Amino acid sequence: MPERLFVCTPSKLAAYADCPRRYRYTYLDRPAPPKGPPWAHNSLGASVHTALRAWYSRPVPERRPEAAAALLKNTWVRDGYRDDEQERAAYRQALQWLEAYLGALDPTVEPLGVERVVAVKTSVLAFNGRADRIDARSGPDGPEVVIVDYKTGRTGLTSDDARGSQALALYAYAAQRMFRRPCRRVELHHLPTGTVSAFVHSDESLDRQVVRAEATARDITAAQRAVADGADPDEAFPTTPGTLCGWCDYRRTCPAGAGYPEQQQWAAVDRLLNPSPQPRAAAED
Ligand code: SF4
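Reading the values: the criteria
- Residues numbered from 1 in each chain as written.
- Predicted model: local features only at pLDDT ≥ 70, side-chain atom pairs only at ≥ 80, totals over all residues.
- Heavy atoms only, no water.
- Pairing = 2+ DSSP bridges.
- Helix = DSSP H or I, 4+ residues; strand = E, 2+ residues; numbered from the N terminus.
- Near = heavy atom within 4 Å.
- Domains from an automatic or database assignment.
- Contact = heavy atoms within 4.5 Å.
- Expected span 1.5 Å × (residues − 1).
- Buried < 20%, exposed > 50% of the residue type's maximum accessible area, 1.4 Å probe, protein only.
- Buried area = accessible area lost by both parts, 1.4 Å probe.
- Salt bridge = Lys/Arg side-chain N within 4 Å of Asp/Glu carboxyl O.

### Topic: the pairing of strand β3 (residues 125-139)
Phase 1 of the analysis: Of the strand pairs in this sheet, strand β1 (residues 6-8) and β3 are connected by 3 bridges, and their pairing is parallel. Its bridge partner being in β3, Val7 is matched across the sheet by Ala126.
Phase 2 of the analysis: Alignment of β3 against strand β4 (residues 142-151), held across 7 bridges, turns out to be antiparallel. Paired with Arg137 across the bridge in β4 is Glu144.

### With respect to the site of the ligand
Phase 1 of the analysis: Neighbouring the ligand are the residues Cys19, Arg22, Tyr25, Thr239, Thr240, Cys245, Cys248, Arg251, Cys254 and Gly257.
Phase 2 of the analysis: Two domains each provide a minimum of three residues to the shell around the ligand, namely domain 1 (1-32 + 111-234) and domain 2 (37-110 + 239-285).

### Overview of the side chain of Thr216
Phase 1 of the analysis: Here Thr216 shows up in helix α8 (residues 203-228).
Phase 2 of the analysis: Ignoring sequence-local partners within four residues, the contact set of Thr216 consists of Leu13 and Tyr16.

### What about helix α3 (residues 40-57)?
Phase 1 of the analysis: Over its 18 residues, α3 runs 26 Å from end to end, which matches the ideal 26 Å to within 8%, given 1.5 Å per residue.
Phase 2 of the analysis: Among the 18 residues that make up α3, 13 are buried, leaving the element largely enclosed by the rest of the structure.

### Observations concerning the environment of Val146
Phase 1 of the analysis: Structurally, Val146 is set in strand β4.
Phase 2 of the analysis: Using a relative accessible area of 0% as the deciding quantity, one classes Val146 as buried.
Phase 3 of the analysis: As for Val146 and Pro31, which are separated by 115 residues in sequence, their C-alpha atoms are 39 Å apart.
Phase 4 of the analysis: If near-sequence neighbours (up to four positions away) are discounted, Val146 is found in contact with Arg133, Ile134, Asp135, Arg137, Cys183, Arg185 and Glu187.

### With respect to the domain arrangement of the protein chain
Phase 1 of the analysis: As assigned here, the protein chain comprises domain 1 (1-32 + 111-234) and domain 2 (37-110 + 239-285).
Phase 2 of the analysis: For domain 1 and domain 2, the distance between their C-alpha centroids amounts to 21 Å.
Phase 3 of the analysis: With 23 residues of domain 1 at the interface, the matching set in domain 2 holds 29 residues.
Phase 4 of the analysis: Interface of domain 1 and domain 2: buried area, both sides summed, is about 2500 Å²; carbon and sulfur atoms make up 60% of it.
Phase 5 of the analysis: Among the residues domain 1 hides against domain 2, the three largest losses belong to Thr152, Arg154 and Leu191. Together they make up 29% of the total.
Phase 6 of the analysis: Between the two partners, domain 1 and domain 2, sit 1 salt bridge.

### Points about the pattern of salt bridges
For side chains of opposite charge, pairing can occur when their charged atoms come near one another.
Phase 1 of the analysis: All chains considered together, the criterion is met by 21 salt bridges.
Phase 2 of the analysis: For Asp135, the salt bridge goes to Arg137, with nearest N and O atoms at 2.9 Å.
Phase 3 of the analysis: On the basis of relative accessible area, Asp135 is assigned to the buried category, the value being 9%.
Phase 4 of the analysis: Overall, Arg137 belongs to the partly exposed group, its relative accessible area being 27%.
Phase 5 of the analysis: Several salt bridges share partner residues, and in doing so they unite Arg133, Asp135, Arg137, Arg185 and Glu187 into one network.

Below you can see the structure in the form of structure tokens.
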């Protein structure tokens with residue numbers, strides 16, 4: 001019998017790469033262990049992403065920066081904030097980001113896709129993922145497809161972040177095949193700073209990311225098979241304790257997580273609203 005393809009999304013691959021035990025808790029254990037409370041930074045990121053999607057669903061004459069307030073109000077997610085005061089401050093901040101970002105966009109330019117699912121199969125995996133935005137642009141060598149990912153975390157991003165993002169590379173790899181046009185350029189649009197971090201992939205760099213993803217898929221499949229054959233699930237899916245544990249949804253379930261201080265649900269938003277010269281926060285959108 002041929003091997004079944006490993007069905008995956010960027011989140012699934014990243015969860016295993018970050019911590020195999022977290023992958024098991026999220027995708028395999030049923031009933032799933034209880035998750036911790038919702039994170040305010042996730043609420044903030046989701047609200048902004050949904051408002052940006054809604055902006056593109058409006059007719060062109062209504063795509064004005066002034067529309068941001070109504071869009072954000074409609075899409076606002078309230079979970080996880082410390083109190084009403086912090087939530088209001090986060091809303092005002094998000095609105096400023098959106099107005100600035102939308103003010104710089106050409107409303108007549110229609111993306112190829114907004115939160116569009118792209119999918120591709122290799123000999124090992126069946127990948128699918130939802131790209132924030134897919135643009136059709138004129139590149140140096142003619143028409144090209146560009147992958148755009150919105151970011152709302154507090155840290156400024158660099159081209160290294162765009163280069164290293166496996167998710168963006170897989171979106172590009174899939175989009176290139178779906179649209180039958182070159183798709184090499186990937187961009188991180190960081191709304192808090194209004195900056196764009198970009199990287200232009202080569203065929204080789206895209207292939208490298210696919211090979212990495214396939215290796216992760218094989219590791220996951222092997223671990224699952226070991227458990228099915230009687231291996232200890234805790235050994236097959238080991239913990240990788242570290243500072244990320246403080247931000248992990250399963251910290252209260254995981255024996256290794258207890259060794260790390262629990263982050264408050266609103267801590268990342270607090271740092272975003274009150275930046276101080278501290279080390280880079282572990283949590284991003
Ligand atoms: S608490 Fe840490 S070790 Fe445990 S599942 Fe989460 S990230 Fe992994």
